[in-house]
Amino acid sequence: MMKKNNDPRHYLCHDCFCSYATAELQPAGAYEGRRIMTIRTTSRSGAKQEEGEEEKNQASQEFTSEPGQLPCYLFLAGSCTCTSIPPTTIARVLSTNASVLELYEQARRRQIEADVTRSRRIQEETDRKLKENAKPIDLLKIDIQDALVRGCHVSCPVCRVDVQKDDACMHMTCSCGITYCYCCGNERDADVEYHEDYDAQQEQKGETIKCPRFGCDMPSPFLEDHPQWGGYALLNENAGTGALHEFHRQRQVYFLKNVKRKYKQDTWEELSKKEPELLNDIPTFGRSISWDYDGEIENATAPVFGNTRVNKIRWLEKDIVSPNEEEVDDDEEEKLEENIRSICGICMEPTRNANFCVGNAPHALCDECFCGYAGAQFEPTGAFEGERRQNITSGGSGAGDSADQVVVSERGHLPCYLFLTGECNCASIPATTLARVLSTDERVLDLYDQARRRIISADEERNRQEAARAQEESEARETPVDRLRRVVGEALSRGGRTKCPDCDVHVQKNDACMHMECPCGTRFCYCCGRRNGNGQGECPKNGGGCDSQTPFLESYPGWSAFDINGETPGMGALNEFHRLRMMYFLRQVKENCPAEDWEALRRESPEILQDVPTP
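Residues numbered from 1 in each chain as written. Predicted model: local features only at pLDDT ≥ 70, side-chain atom pairs only at ≥ 80, totals over all residues. Heavy atoms only, no water.

S.K.: Can you explain the overall build of the chain? Please cite residues and give values.
M.R.: Looking only at helices and strands, the chain features 14 helices and 20 strands. When contacts within the chain are restricted to residue pairs at least 6 apart in sequence, long-range pairs at least 24 apart make up 56% of them. Accessible area of the chain: about 34600 Å², with a carbon and sulfur share of 47%. (Helix = DSSP H or I, 4+ residues; strand = E, 2+ residues; numbered from the N terminus. Contact = heavy atoms within 4.5 Å. Areas by Shrake-Rupley, 256 points an atom, 1.4 Å probe, with all protein chains shown as cover.)

Here you go:
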């Protein structure tokens, strides 16, 4: 038997619940449509009757069951206010009936697709209204931001849901059940191995383009294992994360190419001077995209992996005709050639390897002078680690058109050398330029990394202190129930993670193997939290420790049947491990708090222990 609601009490057996769910999970059922019911509710006033009983008041109130929620069966008859049965209850009961569980999954997929379609319509209508009266520079900014977002997401080839990966494996499984390749965007054909005639056969059959086994994932499904993709990691990143971020950055540059070609050069340059930071720290801190003074955007191509041909990439765009493409006469060609032979602003020597400034004054530096200037500014007292404010005079078209403007170079940004003298408004040299030039000088590159580490450490310490002050102020205003609610939340958080024994960073696994490696390099056991090793207080690995039988939780007796809602046995075992840890920590909380506070929290926040650790 299963209780469906507390007031009034009513129950459904498993068979009847499954029959009710079967009907309401159909396309025309209550799960996929909004249901609004007017229900008479009973409340009690504080006024006492002569007999000593409270006066009962009857009132009608509207309750809404939103799409994606399964209401109580009596809600549809106007007899119950329960608009949504908890997903944990649905998953537990439907796990006994595979056919109804499949209906539930289908209904969820349809709801996800409907939500995505509705969101896109709303966004398209918003964009349309915004663009009607916008200036060209505003439209350019919108298109640039859209290109940056698109570059960091790859959509499912079936339901079109945009997804961003969090590791460098190119295989993706969408919530709709489709498996596809994150690199080319095509549905995977894992049953067929790539061969020389594969593409020709697909074209001859007229079939939808797919990514076969040993297609993009040749020689490896991990981006960092492909030639020239293993060296993009920045500070505190592993090779896989660095490769993934660079893949996103190259996609962003590729999409920006057509954005730039849609607009006149004057509009592009106006925005680059007005908001030069728009392409900084893209897609992550420390990475940037040049405004194309070095041709990076104009010459961009789609990143290709393995045996895939460029024209087989699903998200490939057709190059548009640029309004900037005009005939160049001989005199203009000579001027362009002269620009290549630029004069370094420090040593005053001509150079073909000039690093042009993106500010308001035309000047450049050779690689050697650039490294010398950068090395000085990467010292602890240099411009890279401190905010710099300058009054920059911007010239106009005639006398009296000049004006002073305060320009700020933020911490973590290297300004142009003329910015420090107030002659240029370039407050931040693009990170791509830094990376390219500093790669020629290991000493200066090491100074750059040290300066970035100092900034990160300082920011982390400042954030820690601010969080501690905010926590102290918040705790000082807490009621006993509020304090207990916070402590319960902390217990749940502790139960869902394990702390590194060396650096105290909390980590959470995404599979059921108990071996763990922290970013600090420490290897430890996820089950007991002890460092791996054979010393005192350590957990022996591969014999004598928690993994004496197997390193996988689901392989232990009694731990293979905790999977629900389409989980693998491993994920089910891991989630049950987290749930038992949460219960252990909650027991300690309950034993050390007044019973009346626990009961008060239970009445005020009954949902605090629902869907824990997962729905």
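Still more to cover.
S.K.: Let's hear about the nonpolar core: which residues, and what values?
M.R.: Ranked by size, the top nonpolar core spans 47 residues in total, and within it Ile144, Cys183, Cys216, Leu223, Leu256 and Ile289 carry the most contacts. Looking at this core, the elements with two or more residues in it are α4 (136-151), β8 (179-181), α6 (239-262) and α7 (265-274). Broken down by element, this core gets its largest block of residues, eight residues, from α6. In contact with Cys183, not counting residues within four places along its chain, are Met170, Cys216, Leu223, Phe247, Phe305 and Trp315. (Core = buried A, V, L, I, M, F, W, Y, C linked by side-chain atoms within 4.5 Å. Buried < 20%, exposed > 50% of the residue type's maximum accessible area, 1.4 Å probe, protein only.)

S.K.: Talk me through unusual backbone geometry; I want residue IDs and the actual numbers.
M.R.: Note: most peptide bonds trans; most residues except glycine with negative phi. The step from Met218 to Pro219 runs through a cis peptide bond, and the omega angle for that step is 15°. Relative to the helices and strands, Pro219 resides in the loop between β10 (210-213) and α6. The omega torsion across Val612 and Pro613 is 0°, close enough to zero to call that bond cis. Topologically, Pro613 is positioned in the segment after α14 (595-604). At Phe214, a residue that is not glycine, the phi angle is positive and equals roughly 65°. Mapped onto the fold, Phe214 is located in the loop between β10 and α6. Given the relative accessible area of 33%, Phe214 is considered partly exposed.

S.K.: Give me the lowdown on the pattern of salt bridges, citing residues and values where you can.
M.R.: In total, this model carries 29 salt bridges according to the counting rule given. Taking the shortest distance from any N to any O, the salt bridge between Asp217 and Arg188 comes out at 3.5 Å. Here Asp217 is found in the loop between β10 and α6, whereas its partner Arg188 is found in strand β9 (residues 187-193), with 29 residues between them in sequence. Residue class for Arg188 comes out buried when judged on its relative accessible area of 16%. Residue Asp459 pairs with Arg411 through a salt bridge whose shortest N-O separation is 2.9 Å. With a gap of 48 residues between them, Asp459 in helix α11 (residues 442-476) and Arg411 in the loop between β16 (403-409) and α10 (431-438) connect regions that are remote in the sequence. On the basis of relative accessibility, which here comes to 31%, the residue Arg411 falls in the partly exposed class. Connected through salt bridges with shared partners, the residues Glu475, Glu478, Arg483, Arg486 and Glu490 form a single ionic network. (Salt bridge = Lys/Arg side-chain N within 4 Å of Asp/Glu carboxyl O.)

S.K.: Give me the lowdown on a nonpolar patch on the surface, citing residues and values where you can.
M.R.: Where nonpolar side chains cluster on the molecular surface, the patch consists of Val304, Val310 and Leu316 and spans about 200 Å² of accessible area. Looking at where Val310 falls in the secondary structure, it is placed in the loop between α7 and α8 (330-340). (Patch = residues over 30% accessible without salt bridge, like charges linked within 9 Å, V, L, I, M, F, W, Y side chains within 5 Å.)

S.K.: For the packing of helix α1 (residues 14-24) against helix α2 (residues 87-94), give the residues involved together with the corresponding values.
M.R.: Packing of α1 against α2 leaves a shortest axis separation of 10 Å and a crossing angle of 110°. For the element pair α1 / α2, the angle class is roughly perpendicular. For the element pair α1 and α2, the recorded crossing hand is left-handed. Residues His14, Phe17, Cys18 and Ala21 of α1 touch α2, and the partners they reach there are Ile90, Val93 and Leu94. When its residues are assigned to classes, the contact of α1 with α2 shows six nonpolar, one polar and no charged. (Axes fitted to C-alpha atoms, helices over the stretch in contact; angles between N-to-C directions. Parallel < 35°, antiparallel > 145°, perpendicular 65-115°, else oblique. Left-handed = near helix turned anticlockwise from the far one by under 90°. Nonpolar A, V, L, I, M, F, W, Y, C, P; charged D, E, K, R; others polar.)

S.K.: Would you mind going over the state of the cysteines in detail, with residue names and values included?
M.R.: Applying the stated criterion to the full structure yields zero disulfides. Note on Cys181: no disulfide assigned, nearest cysteine sulfur contributed by Cys216 at a separation of 3.8 Å. Since its relative accessible area comes to 1%, Cys181 is described here as buried. (Disulfide = S-S within 2.5 Å.)

S.K.: Can you tell me about the packing of aromatic side chains, naming the residues and giving the values?
M.R.: Applying the stated criterion across every chain yields a total of 18 aromatic pairs. Plain terms: the ring middles of Tyr254 and Trp315 are 5.7 Å apart, the flat faces sit at 75° to each other, and that makes the pair edge-to-face. Here the residue Tyr254 occupies a position in helix α6, and Trp315 occupies one in the loop between α7 and α8, the gap between them amounting to 61 residues. We classify Tyr254 as buried; its relative accessible area is 5%. Trp315 sits in the buried class, given a relative accessible area of 10%. Members of the aromatic cluster, connected to one another through ring pairs, are Tyr182, Trp229, Tyr232, Phe247 and Phe305. In this arrangement the basic side chain of Arg251 is found over the ring face of Trp315, its NZ or CZ atom lying 4.4 Å from the centre. We note Arg452 situated over the ring of Tyr448; from NZ or CZ to the ring centre the distance is 5.5 Å. (Phe/Tyr/Trp six-rings, centres within 6.5 Å; stacked < 30°, edge-to-face > 60°. Lys NZ or Arg CZ within 6 Å of the ring centre and 35° of its normal.)

S.K.: Tell me about the pairing of β9, residues and numbers included.
M.R.: One ladder, built from four bridges, connects β9 with β10; its direction is parallel. Counted as the bridge partner of Asp189 is Pro212 from β10. Between the parallel pair β9 and β10, the chain is carried across by helix α5 (residues 198-205), and the sense of this crossover is right-handed. (Pairing = 2+ DSSP bridges. Right-handed = clockwise from strand over helix to strand, strands pointing away.)

S.K.: Report on α1, specifying residues and quantitative values.
M.R.: Taken residue by residue, α1 has Phe17, Cys18, Tyr20, Ala21 and Glu24 as its buried positions. Buried residues along α1 cover an arc of 165° about the axis, so they all sit on one side. (Arc of directions from axis to C-beta.)

S.K.: Provide a residue-level description of the environment of Glu275, including the pertinent values.
M.R.: Tracing the sequence through the fold places Glu275 in the loop between α7 and α8. The buried category is assigned to Glu275, whose relative accessible area is 15%. C-alpha separation for the pair Glu275 and Lys141, spaced 134 residues apart in sequence, amounts to 9.3 Å.

S.K.: Give me the confidence of the model for the chain: which residues, what numbers.
M.R.: Per-chain confidence: the chain averages 80 in pLDDT, with 86% of residues scoring 70 or above. Ranking the helices and strands of the chain by mean pLDDT puts β8 first, with 91, and strand β1 (residues 2-5) last, with 43. Below pLDDT 50 for its whole length, residues 1-8 participates in 25 contacts with residues either more than four positions away or in separate chains. In this model residues 395-401 is a low-confidence stretch, pLDDT under 50, and it forms five contacts with partners more than four residues away in sequence or in other chains. (pLDDT = per-residue confidence, 0-100.)

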